[in-house]
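Understanding the architecture of this molecule
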Amino acid sequence: MLTGKHLIAGQWVAGDTTFLSSPATGEALPFAAGTPAHVDAAVQGAEAAFPSYSALSREARAAFLDKIAEEIDARGAEITAIGTSETGLPAARLEGERGRTTGQLRLFANHIRKGDYLDRRFDAAQPDRTPAPRPEIRMMQVAVGPVAVFGASNFPLAFSTAGGDTASALAAGCTVVVKGHSAHPGTGEIVAQAIDAAIKALGLHPGTFSLVQGGKRDVGESLVQHPLIKAVGFTGSLGGGRALFDLCARRPEPIPFFGELGSVNPMFLMPAAIAARGEALGIGWAGSLTMGAGQFCTNPGIAVVIDSVEAQTFIDAAKTALSKVAAQTMLTDGIAEAYRAGRDRVAASTGVQAVLTSVCDMRQATPYLFEVSGADWLANHALGEEVFGPLGLIVRVRDFAQMQAVAQALQGQLTCTLHIDAADYPQARALLPVLERKAGRILANGFPTGVEVVDAQVHGGPYPASTNFGATSVGTLSIRRWLRPVAFQNLPAELFPADLG
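As a starting point, this report considers the structure included with it. Residue positions within a chain follow its written sequence, with the count starting from 1. Given that this is a predicted model, residues contribute local features only at a pLDDT of at least 70 and side-chain atom pairs are listed and counted only at 80 or more, while totals for whole chains, interfaces and linings are drawn from all residues. To get the side-chain values, all heavy atoms of the structure are used, and hydrogens and water are removed first.

Here's the deal with the sheet that holds strand E6 (residues 137–143)
An order of E5-E6-E21 is seen for the three strands of this open sheet, with the pairing classed as antiparallel. Each edge of the open sheet is held by one strand with a lone partner, namely strand E5 (121–123) and strand E21 (483–489). Going from strand to strand, the sheet's axes swing by 25 degrees on average, the running direction of each strand aside. The pairing of E5 with E6 spans three bridges and is antiparallel. Bridging from a neighbouring strand, Asp-123 pairs with Ile-137 of E6. A strand pair is defined by DSSP finding two or more bridges across the two strands. The numbering of helices and of strands both runs from the N terminus, where a helix is a DSSP run of H or I of at least 4 residues and a strand a run of E of at least 2. All axes here are fitted lines through C-alpha atoms, helices being fitted over the stretch that makes contact, and every angle between N-to-C directions spans 0 to 180 degrees.

Topic: the side chain of Arg-481
One can find Arg-481 in the loop between strand E20 (439–444) and E21. Here Arg-481 falls in the buried class, since its relative accessible area comes to 8%. Here a polar contact is taken to be a pair of N or O atoms separated by no more than 3.5 Å, where protein atoms must pair a possible hydrogen donor with a possible acceptor and residues adjacent in sequence count only if both atoms sit in side chains. One polar contact links the side chain of Arg-481 to the main-chain carbonyl oxygen of Ser-478, over a distance of 3.0 Å. If sequence neighbours within four positions are ignored, Arg-481 has contacts with Gly-164, Asp-165, Ser-168, Phe-258, Ala-471, Thr-472 and Ser-473. Here the term buried applies to any residue with accessible area under 20% of the maximum for its type, exposed to any over 50%, and partly exposed to those in between, with areas from a 1.4 Å probe on protein chains only. Contacts: residue pairs with any heavy atoms within 4.5 Å of one another.

Regarding the sheet that holds strand E15 (residues 353–356)
In space, the seven strands of this open sheet follow the order E15-E17-E18-E13-E12-E19-E20, with mixed pairing throughout. The two strands at the open ends of the sheet, each matched to only one other strand, are E15 and E20. Going from strand to strand, the sheet's axes swing by 25 degrees on average, the running direction of each strand aside. Pairing of E15 with strand E17 (residues 368–373), which is carried by three bridges, proceeds in the antiparallel orientation. Note on E17: the bridge partner recorded for Leu-356 is Leu-369.

As structure tokens, then:
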């Protein structure tokens, strides 16, 4: 049952003030609103828990991750019920997202059991080396300390309370304080109950995990500025993320801020591919563009095509498919309002023409499709900014050289996609070096919505897709964000950390 309280170092704590949830359906519920004092108590608990938690064996931490997954699955029906009410997402989507959440917990558990993530290195002593002997040096990765995680609005499970940031930080040996997202506080609390149950079942320190709900801007600011927090994970808007990133950089002790801040995920449709299957590509793009009301960070918002009769076939197919898509409920009123503002910004831009318009209001989203010439797109930096929702922009370039210019003008992206046939390989080969500098993931003949949680996955990219181009928030490499290397020189074997030998 919901308590409407924060979970702070093993205790369910009320607040002096509350806020009401804003569900898509059902009754609004009260939840305690966080304060900087709640944040301090949670972080102090995380610091107290860190020595014992980081010293656990890899098997013990893996067992903890597995236990969290088990406890989340045990609450599956309850999570789906509150999640559909709060977000408007269909039950099947939430059940799939729960499977992804528990699946990545189990993936990380198996990964840390192997120990490869520690990147252990050993250089033997050379006492007889001249002109000076060489010492023995052993190196491995160690956990950085307590970590702050901000829940995401668009993934109430996979990128929130027990999502990828939390799971990877716990796998690394870090304790975690989560700032819950006010769009789905009930879902966040039930997942926190699952983590709390796992902590109690395994006898771990209660400060290993805390959840602070709601609150004003000062709550998030106090969390990233707390001197005991050593790193931050964030998924959200460019404006909000950049503000927190700057706060992290201005601290007396600056700390890493791993933020995912936005991406338009452009697709480049090459001539042979579009001639062979332009209609199918148009239909496929429409499906990807409107999946989940376009509220995926990998939503492919821009399609770049060389002007031709075949390109028009692609555009017409996308328009027809999009016109059949009914209104969808967006995650929050604020997201819906921002979507309409983005639509208006694009529509009012010089050279932009409407291909498909619709009517959306309140919390509903309907698709929009626009097109613009390559020259006008290149002249307007704002057309390369994300519109979070089911809006597509076709950039119609005059030739391959202008397509290359569009690629070179892109900001950092989570993904870039090439639709190619064999005849397109020479042009694709010329475009790839540009795209490698722009994106964390490059796809061929697919659509970027749907991010596999596997060892090789990269979900990140150059700024503003993320604030650290060397990191990923999905896949086992995400664990490395919460580690730092330590070299041990001539340390007696009797003093080795358990994982060093």
